[in-house]
Amino acid sequence: MDREDLISLEAFCRHSNAEITFVTSLQDYDLIEIIQVNNVQYVPLHQLPEVEKMVRLRNELNINAEGIEANYGLLQKISDMQHEIDMLKRRLGLYEDL
């Protein structure tokens, strides 16, 4: 991964008013990936929208990392179920056209 695809954890936390310990705890719950290069921690740019959402949940609703993990688990299940519903609708549509 190129350095252009990364933002330092310190810079992200300073910009978003997030605690470094909170963001690293998100990694402990496997919600994000933190990459270490030359003793500097980085967050991949493609994860920024999700990390920003998690920081807002923390700052605005005072939800801890454990609560965010539970919410994201439920959201993933909902997304998986929606995907399955869409697939089943397409399959059903094939039979309705007959």
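By convention here, each chain's residues receive numbers from 1 onward along its written sequence. Restriction of local features to residues with pLDDT of at least 70 applies here, the model being predicted, together with a cutoff of 80 or more for giving and counting side-chain atom pairs; totals for whole chains, interfaces and linings are based on all residues. Computation of side-chain values: all heavy atoms of the structure, hydrogens and water removed.

Peer 1: Account for the overall build of the chain, with residues named and values stated.
Peer 2: Of the regular secondary structure elements, the chain holds four helices and three strands. Per the convention used, a helix needs a DSSP run of H or I reaching at least four residues, while a strand needs a run of E reaching at least two, with both numbered from the N terminus. Across the chain, helices and strands are ordered from the amino to the carboxyl terminus as β-α-α-β-β-α-α. C-alpha atoms define the radius of gyration in this analysis, and the globule rule sets the expected value at 2.2 Å times the number of residues to the power 0.38. Against the compact-globule benchmark of 13 Å for 98 residues, the chain has a radius of gyration of 18 Å, which places it well outside the compact range. Taken along the three principal axes of its C-alpha coordinates, the chain extends 60 × 35 × 20 Å. Under the scheme applied here, a residue whose accessible area is under 20% of the maximum for its type counts as buried, over 50% as exposed, and between as partly exposed, the area being computed with a 1.4 Å probe on protein chains only. For the chain, the proportion of its 98 residues judged to be buried stands at 29%. By the convention used here, residues are in contact when the closest approach between their heavy atoms is within 4.5 Å. Within the chain, counting contacts between residues at least 6 apart in sequence, those at least 24 apart form 59% of the total. We get accessible surface area from the Shrake-Rupley algorithm with a probe of 1.4 Å; when it comes to residues, only the shown protein chains can shield them. Element-wise, carbon and sulfur atoms account for 51% of the exposed surface of the chain, whose accessible area totals about 7,200 Å². In this tally, Lys and Arg are treated as positive and Asp and Glu as negative; His is ignored, and so are the chain termini. Note on charges: their place is set at NZ of Lys, CZ of Arg, CG of Asp or CD of Glu. Taking the 9 positively charged and 18 negatively charged side chains of the chain as two groups, their mean positions are separated by 4 Å.

Peer 1: So what about the sheet that holds strand β1 (residues 6–8)? Which residues, and what values?
Peer 2: By definition, the strands of a sheet pair up through backbone hydrogen bonds, in either a parallel or an antiparallel sense. Pairing in this open sheet of three strands is antiparallel, and the strands run β1-β3-β2 from one edge to the other. This sheet does not close on itself; its edge strands, each paired only once, are β1 and β2 (35–37). Between one strand axis and the next, the sheet turns through 45 degrees on average, direction left out of account. Where helices are involved, their axes are fitted lines through C-alpha atoms of the stretch in contact, as for all axes, and angles between N-to-C directions lie from 0 to 180°. Packing against the sheet, helix α1 (residues 9–16) makes contact with β1 and β3 (40–44), and its axis sits at approximately 70 degrees to β1. Two strands are counted as paired when DSSP detects at least two bridges linking them.

Peer 1: Give a detailed account of the pairing of β3, specifying residues and quantitative values.
Peer 2: Bridging between β1 and β3 involves three bridges; their strand directions are antiparallel. The partner of Leu6 across the bridge, within β3, is Pro44. Pairing of β2 with β3 involves three bridges; the strand directions are antiparallel. Note that in β3 the partner of Ile35 across the bridge is Tyr42. If you look at the hairpin formed by β2 and β3, you'll find two residues sitting between the two strands, and Asn38 has a positive phi there, around 50 degrees.

Peer 1: I'd love a proper account of the environment of Thr21, names of residues and values included.
Peer 2: The residue Thr21 is located in helix α2 (residues 20–28) in this model. Here Thr21 falls in the exposed class, since its relative accessible area comes to 59%. Through-space distance from the C-alpha of Thr21 to that of Gln41 is 12 Å; in sequence the pair is 20 residues apart.

Peer 1: How would you explain the pattern of salt bridges if you had to name every residue and give the values?
Peer 2: Salt bridges, as used here, are contacts in which a Lys or Arg side-chain nitrogen is within 4 Å of a carboxyl oxygen on Asp or Glu. Counted by the stated rule, this structure contains three salt bridges. Here Arg14 ties to Glu10 by a salt bridge, and the two come within 3.4 Å at their closest N and O atoms. Taken together, the residues Arg14 and Glu10, both in helix α1 and four residues apart, mark about one turn of the helix. Across this residue pair, the class does not change: Arg14 and Glu10 are exposed. A salt bridge links Lys53 to Glu50; the nearest nitrogen and oxygen atoms lie 3.2 Å apart. Within this pair, Lys53 and its partner Glu50 are both found in helix α3 (residues 48–61), separated by three residues, close to a single helical turn. Judged by its relative accessible area of 31%, Glu50 falls in the partly exposed class.

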